[in-house]
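Topology and contacts: notes
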Amino acid sequence: MDTTTRRKFLIASGVVGGAALAAGATTLALSDLLDTAGDRPDGAKTLVVITLYGGNDGLNTVIPYADRAYQDARPELAYDGGEVLKLDDTTGLNPALKGLHELFGGKKLAIVRGVGYPKPDRSHFRSMDIWQTANPERPGNTGWIGRWLDGAGGDPRLAVSFEKVLPPLLAGERSAGAVIGAADVKLPKAVTADALAGFAAPSAGEPPLQARAAACFGDLARVREMAQQVKDADGDDNGDDEKVPATGTGGLAGLQAQLDLVAQCIEAGVSTRMFSVSLGGFDTHADERDLQETLLSYLDKGLTAFYKRITAHPAGKDVVVLVYSEFGRRVRANASDGTDHGTASNLFVLGESIPGGLYGEQPSLTDLDDGDLKFTTDFRDVYASALDRVLQADPQAALQGWKGRLDWW
């Protein structure tokens, strides 16, 4: 069986996805990153992006509890002033976000309201493409971080995802970030680790991109080794893994486990400047209140534990976390005690260097666009500030000429 045929066998067996091969995504072991310890330039900062897949309900996350229109639009879903974690006299956080509320009180959490873009799209996939490519009009095949990576030299270790596949966010025109997310890969019994490494050998006459992509096979053995390293480092299972309900779009991998890996890399001083992690399940069309509280508690627990861990380390002062979802939900509840796909929502920015507070104009709950909120902050302004202040790069180069940015960051 020649090399190309054996590769096709592995794809058919589900060991590695054909889409990943086509993209030429780099699969790394954790040891590959740890080998870069000490290579980090002085003063380099780290951006951690958390994607909440499924369209998190922003109105029940950052809650305008004092607005009568909010109470009237969702009588069964609305929180009153006695239930929320108050931020001021009109706004509060979901009761599941106790840790983030404490960080807000310490001025380490910035909440940006009304974030969106012109002519919003209510499709999960189209809207997520828009957010990750930073192009509302015509999403392409490169992400805003991938374009930053192109300009930063293209080393895939600079931008790393702990998700199962490489998100469009990390795909550049000439390069792509790396994935450490295949820890649960299982090889067919007939395939040994030595044979797997052999599959990475080039075949005579195959196109250069196919040869580059085939190198993914050689990395799989290292990924399996990495999985064992993580298990050994973490010790016994503490039984606290997230059991995310299988609802809607998004992966179900534990956010806290992903953030633990990010923290380990930051503490080791690896060269990585940007990490991508995610939590799915936010497509809450029915029985939303309890489900969303459960999901937000996972976010709160994982994020606050991560924050406390990294800020106990000298590198923690240079870490910024950005939390977003592809859209919010409609203002009015549906007939199933849930909410349907909406538009503008809120976004969290967290870090020691962040001037915490409430930012952005709260969209009107009565002056709506076909039942949806009108955005007041363009998400590209947020990205521009992150590129400038954290990745220390020219925002216009990565955002295709976008000139805006946040005035408070």
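Residues numbered from 1 in each chain as written. Predicted model: local features only at pLDDT ≥ 70, side-chain atom pairs only at ≥ 80, totals over all residues. Heavy atoms only, no water.

The name that an unreviewed UniProt entry assigns to the protein is DUF1501 domain-containing protein, with the source organism given as Catellatospora aurea.

Here we come to the packing of helix α5 (residues 98-105) against helix α11 (residues 288-311). For the pair α5 and α11, interaxial distance at closest approach is 8 Å and the crossing angle is 45°. Classified by the angle their axes make, α5 and α11 are oblique. Taken together, the residues of α11 that come into contact with α5 (itself represented by K98, G99, L100 and L103) are D300, L303, T304 and Y307. (Axes fitted to C-alpha atoms, helices over the stretch in contact; angles between N-to-C directions. Helix = DSSP H or I, 4+ residues; strand = E, 2+ residues; numbered from the N terminus. Parallel < 35°, antiparallel > 145°, perpendicular 65-115°, else oblique. Contact = heavy atoms within 4.5 Å.)

With that settled, the discussion passes to the side chain of S325. Of note, S325 is situated in strand β10 (residues 319-325). A relative accessible area of 8% places S325 in the buried class. Among the polar contacts listed, one links the side chain of S325 to the backbone oxygen of L52, at a separation of 2.5 Å. For S325, the side chain forms a polar contact with the main-chain nitrogen of N56, separated by 2.9 Å. (Buried < 20%, exposed > 50% of the residue type's maximum accessible area, 1.4 Å probe, protein only. Polar contact = N/O pair within 3.5 Å; in protein donor to acceptor, adjacent residues only side chain to side chain.)

For the rest of this paragraph, the subject is helix α6 (residues 124-133). Along an α-helix, a turn takes 3.6 residues, which lines up residues three or four apart on a common side. Counting buried residues in α6 gives 7 out of 10 residues, a clear majority hidden from the surface. Within α6, burial applies to H124, S127, M128, I130, W131, Q132 and T133. Structurally, α6 contributes buried residues whose contacts are with β2 (46-52), β6 (109-116), α7 (144-151), β10, β11 (345-351) and α12 (379-389). Downstream of α6 by one or two residues, A134 has phi in the positive range, about 60°.

Another point: the pairing of β6. Summarising burial for β6: 8 of the 8 residues are buried, a large majority. Pairing geometry for β6 and β11, over 5 bridges, is antiparallel. Within β11, the residue paired with A110 across the bridge is V349. With 3 bridges connecting them, β6 and strand β12 (residues 357-359) associate as parallel partners. Paired with I111 across the strands is L358, a residue of β12. Pairing analysis gives 2 bridges linking β6 to strand β13 (residues 377-378), with the strands arranged parallel. Bridge pairing in β13 links G116 to D378. (Pairing = 2+ DSSP bridges.)

So, about the pairing of β2. Of all the 7 residues making up β2, 7 are buried; the element is thus mostly covered by neighbouring parts of the structure. What you see with β2 is no split at all: T46, V48, I50 and L52 on one side and L47, V49 and T51 on the other are buried throughout. Pairing analysis gives 6 bridges linking β2 to strand β9 (residues 274-279), with the strands arranged parallel. Bridging from a neighbouring strand, V48 pairs with F275 of β9.

The topology assignment puts D89 in the loop between β4 (85-86) and β5 (92-93). Look at D89 and you get exposed, because its relative accessible area is 71%. Sequence separation of D89 and A66 is 23 residues, and the distance between their C-alpha atoms is 7.6 Å. Discounting chain neighbours no more than four positions away, the residues touching D89 are Y65 and A66.

Counted by the stated rule, this structure contains 14 salt bridges. The closest approach of N and O atoms between K374 and D367, which form a salt bridge, is 2.9 Å. One connected set of salt bridges, linked through shared partners, spans R122, R330 and D372. (Salt bridge = Lys/Arg side-chain N within 4 Å of Asp/Glu carboxyl O.)

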